[in-house]
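Residue strings, one per chain:
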Amino acid sequence: MPVKPVLAAWARRAAVMAILAILAAARPASADDDILLTLSRGPDNVETLAFTLADLAAMPQVTIRTDNEWTDGLVSYTGPLVRDVLERLALQDALTLRFTAANDYYVDIPSSDFRRYDAIIAIEADGKPLSRRDKGPLWVMYPISEHGELRSQEIYSRLIWQVVRIESL
Amino acid sequence: MRPTPRYLGLIVLLAMAGFAAVGFFTIRRDVEDLRVISQDNILWSATQMEVELLRFELSLAELRSDLTEEALEDVRERFDILWSRVFLMNRGRVGQVMRGYDEGFGSLKKIATYLEEIDPVLQALHPEDIVTIERMQVELEGFQQELRLYTLRVVRADTVASALVRDRIQSSAQTTAIVSIAAVLLSVLSLFLILRENRRQRELVRLSRQHAEEAELSSRAKSRFLTMMSHELRNPLNGVLGPLALLDQTELGGVQQRLVGQAQQCGRSMLQMLAGLLDYAEMQDGRLFLVRAPFSVAELCNSVREALASDGAADLAVKVLPGTPDRLDGDVDRICQIFVHLTEYVLEARPTENVSLSFGHDGKALVGEISLGTGDATMDWKLDLLMGLSDVAADQVSADALRPLISRGLIATARGMLSLEDGPGGRQVIRVSLPAAPVKSERIRIHLETRSSALATIYQAALRSERVTFAEPEDTEPVDVVLVDTTSVGEDPLMSRLRERFPGALFVSLGLPQKPDIFDDVVEIPSDVNGLRRSIFSRVAS
């Protein structure tokens, strides 16, 4: 295993953790404030699982380098695989998942996408945490540059940013 | 019916390819346009900006009524989201298109500049700073109109783009229809041409077949004529040779004997020519088949030598090269015929002392070499005729060419090769290679059942060879072949006794028996020693 990428990944993770620590110190301590993503399943979505940024940063991180319709050139996005996040609440077997953004925009995505492609919930872009002003803090990102078939309006509509909730349908 | 010109087919093909290319590129262009236009979902981005601006204003209104930190935090969140929508225009392909719609109006730039201005104000805002909140509410009202006009421009542009797509689709559909109709017309034309060409080809095939059948019939008629004539000529010729033989046995003077001898030689030569004619007719008719059987190379050598001697070439040197297998598999009669024809043919141009014949084997084929010394150069055309006969048309065959013709035909039938090569000492070598696999030599033990010991002695002398041994009359050891003279009294009891005595042996009748079924093989004319020998050896080998 190459040493430099591992060190870089740990360095990035350490930076994220440091920023989180600074944010936590600067803002009033509140459990609700830290929750960025909620997973829910079952009838009326009674089963839920909340993720903080620290929870997501603690998961195995994957970096994909890709372009998209909203950025210039290739950008390196880092974050946990969507299928890893879904597995935390056994949502990986759900046929379709609804991803909802902070502005209530939502998109329904078949779970097969996450088995076929290494889509991630990006928390960093080019090593910097995604801010809310820059489509963060969580942005669903597909490896578009690696798979030509992903260059379609349907897939671009699934690159939902400021995502706050994932639920099974 | 005139043949369809090839260039017409090429033109049709090129035209079809051209139409196909036009159709393909037109459709591909329209599909690409559709894809690009459908991706430019800028209307959604524009409306989102309006919605987020309203939500931001709403959050300010709630802050003004609640005056709480939570409400202020909600205002800041809504501000961030609005920011993310407005500043989409700064990056990416979507941003580029958004800026394009704002060209000459600056609506997005104005609201972006305003957001940058109030950003520090908002960060420092106190929940109870009603004056600032109200001022921002008033200022934001103006941007509602700007964004609405921007959205309207996007809607109109979207409408124009949709109309363009519709026009393109309509145009594309028309082009596709025209291309399809043209392709169908060309296909029909091609089909017509193909059918026409097909009919012409079938007519040509029919005519060719008819001509071939006529030629075949003509060839068969000639072959039959040749066969019939050679038969018809052979009978009177035998009628001449018979009396000549009888005359030769009478008391003749030296001159008369010489004349009779010459007449007999000419007669035999003519008989041989007639046999050659028969073979030629069979070759032309496709009825000449080889009968492969094991044979002795030494016996082949003897047969050739005897045949040549009877035709006046007794001094010719014929030998078997060292290392040649004793026995080979092949049609020995035809092989003998080939070498007799070739040798006699070259002897017409070379003295006997200048010609020699040798037999060898190269591992796969019997190789016969007729070595020719230097002779009369004016007769070399005979060799050219021998080697180049395949290039001569059948109707140009001359009397001289009959022997080479038959030889070459027999060599071809045996899948052999004929070549003329330069040998040592300026000699020329006619090399004939005939496929013949070596046959394992086995000794054959024969029991002779004859009515007299004299007859047994005659057969023993005739069949004597290194492969054959004869059992003593009272010998009870197993034998391979039992030769039974059919004049022996009482065939049935004799055969029962012999079969009991020699179980597993091959029983051959010498002469036509009363009951051929009780024998394994019948040699009707036992005086034909060569035939008897071949029959015995081939049956034992099989």
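The structure displayed is predicted, hence computed values, not measured ones. Sequence order sets the numbering: in each chain, residues are counted from 1 along the sequence as written. Chain letters and ligand numbers both follow the written order, the letters beginning at A and the numbers at 1. Given that this is a predicted model, residues contribute local features only at a pLDDT of at least 70 and side-chain atom pairs are listed and counted only at 80 or more, while totals for whole chains, interfaces and linings are drawn from all residues. With hydrogens and water set aside, each side-chain value is computed from the structure's full complement of heavy atoms.

(A) Representation of the overall build of chain A in the model. By the criteria applied, helices consist of DSSP H or I runs no shorter than four residues and strands consist of E runs no shorter than two, each listed in order from the N terminus. Within chain A, the regular secondary structure consists of six helices and 11 strands. Only protein chains enter the accessibility calculation, which uses a 1.4 Å probe; a residue whose area is less than 20% of its type maximum is buried, one above 50% is exposed, and one in between is partly exposed. Across the 169 residues of chain A, 43% fall into the buried class. Partitioning the intrachain contacts of chain A with sequence separation of at least 6 by distance along the chain shows that 61% fall at a separation of at least 24. If you sum the accessible surface of chain A, you get close to 8,300 Å²; carbon and sulfur atoms cover 56% of it. Note on contacts: a residue pair qualifies if any of its non-hydrogen atoms lie within 4.5 Å across the two residues. Note on areas: these come from Shrake-Rupley sampling with a 1.4 Å probe, and a residue is covered only by the protein chains present in the view.

(B) Molecular detail of the overall build of chain B. Each helix and strand counted, chain B has 14 helices and 12 strands in total. Out of the 542 residues in chain B, the part that is buried amounts to 39%. Sequence separation of 24 or more characterises 71% of the internal contacts of chain B that already satisfy a separation of 6 or more. Carbon and sulfur atoms make up 57% of the accessible area of chain B, which amounts to about 30,200 Å² in all.

(C) Representation of the pairing of strand β5 (residues 365–372) of chain B in the model. Residue and element names in this part refer to chain B. In terms of residue burial, β5 counts as a mostly covered element, since seven of its eight residues are buried. Bridge count between strand β4 (residues 355–361) and β5: seven bridges; the pairing is antiparallel. By the bridge assignment for β5, H361 is matched with L366. Across eight bridges, β5 lies against strand β7 (residues 428–435) in antiparallel orientation. Looking across to β7, one finds that E369 is bridged to R431. Only strands joined by at least two bridges in the DSSP assignment are considered to pair.

(D) Seen up close, the confidence of the model for chain B. Residues and elements named next belong to chain B. For chain B, per-residue confidence averages 82 on the pLDDT scale, and 91% of positions sit at 70 or higher. The predictor attaches a confidence to each residue, and that confidence, scored 0 to 100, is pLDDT. Of all the helices and strands in chain B, helix α10 (residues 380–387) carries the lowest mean pLDDT, 68, while helix α3 (residues 69–86) carries the highest, 92. Below a pLDDT of 50 lies the segment residues 392–396, which in the model reaches zero contacts outside its immediate sequence neighbourhood of four places, other chains included. Of the two predicted TM-score estimates for the complex, the pTM is 0.46 and the ipTM is 0.75.

(E) The arrangement of the sheet that holds strand β10 (residues 481–485) of chain B in detail. Residues and elements named next belong to chain B. One open sheet accounts for five strands, arranged β9-β8-β10-β11-β12; its pairing is parallel. The sheet is open, and its two borders are formed by β9 (468–470) and β12 (521–523), each paired with just one other strand. Between one strand and the next, the sheet's axes are offset by a mean angle of 30°, whatever the strand orientation. Pairing of strand β8 (residues 444–449) with β10, which is carried by four bridges, proceeds in the parallel orientation. When the bridges of β10 are listed, H447 appears paired with V482. Where helices are involved, their axes are fitted lines through C-alpha atoms of the stretch in contact, as for all axes, and angles between N-to-C directions lie from 0 to 180°.

(F) Focus on the sheet that holds strand β6 (residues 417–422) of chain B. Residues and elements named next belong to chain B. The five strands are arranged β2-β4-β5-β7-β6 in an open sheet whose pairing can be described as mixed. Each edge of the open sheet carries a strand with a single partner, namely β2 (317–320) and β6. Each strand axis lies, on average, 20° off the axis of its neighbour in the sheet, ignoring direction. The sheet strands contacting helix α8 (residues 297–310) are β2, β4 and β5, and the helix crosses β2 at an angle near 170°.

(G) The arrangement of the layout of surface pockets in detail. Residues and elements named next belong to chain B. Buriedness for pockets is judged along seven lines, at least five of which must meet protein on both sides within 12 Å for an open set on the 1 Å grid over protein atoms alone, while cavities are sets there where a 1.4 Å probe fits but cannot get out, and lining residues have an atom within 4 Å of a point. Grid points are joined across faces, edges and corners, and a volume is the space filled by probe spheres set on the points. Taken as a whole, the second largest pocket holds about 630 Å³ of empty space. Those elements that place two or more of their residues in the lining of the second largest pocket are β1 (293–296), α8, α9 (332–347) and α14 (529–541). When the residues that make up the lining of the second largest pocket are grouped by side-chain class, the tally is 11 nonpolar, seven polar and 11 charged. For this classification, the nonpolar set comprises Ala, Val, Leu, Ile, Met, Phe, Trp, Tyr, Cys and Pro, the charged set comprises Asp, Glu, Lys and Arg, and every other residue, Gly included, is treated as polar.

(H) A look at the pattern of salt bridges. Throughout this description, the term salt bridge denotes a Lys or Arg side-chain nitrogen within 4 Å of a carboxyl oxygen of Asp or Glu. Counted under the stated rule, the structure contains 29 salt bridges over all chains. Note that R55 of chain B and E52 of chain B form a salt bridge whose closest N and O atoms lie 3.6 Å from each other. Within this pair, R55 of chain B and its partner E52 of chain B are both found in helix α2 (residues 42–66), separated by three residues, close to a single helical turn. E52 of chain B is the salt-bridge partner of R78 of chain B, the closest N and O atoms lying 3.6 Å from each other. One end of the pair, R78 of chain B, is in helix α3; the other, E52 of chain B, is in helix α2, with 26 residues separating them in the sequence. Each member of the pair R78 of chain B and E52 of chain B is classed as buried. Each of R132 and R133 of chain A together with E77, D80 and D119 of chain B takes part in salt bridges that share partners, so that together they form one network.

(I) Main features of empty space enclosed by the protein. All names here are of chain B. Tallied over the entire structure, the rule returns two cavities of 30 Å³ or more. The volume enclosed by the largest cavity comes to roughly 80 Å³. Lining the largest cavity, in full, are L290, R292, G330, D331, R334, I335, I338, L410, A414, L434 and P435. Looking at the lining of the largest cavity, the elements with two or more residues in it are α9 and β7. For the lining of the largest cavity, the per-class residue count stands at seven nonpolar, one polar and three charged.

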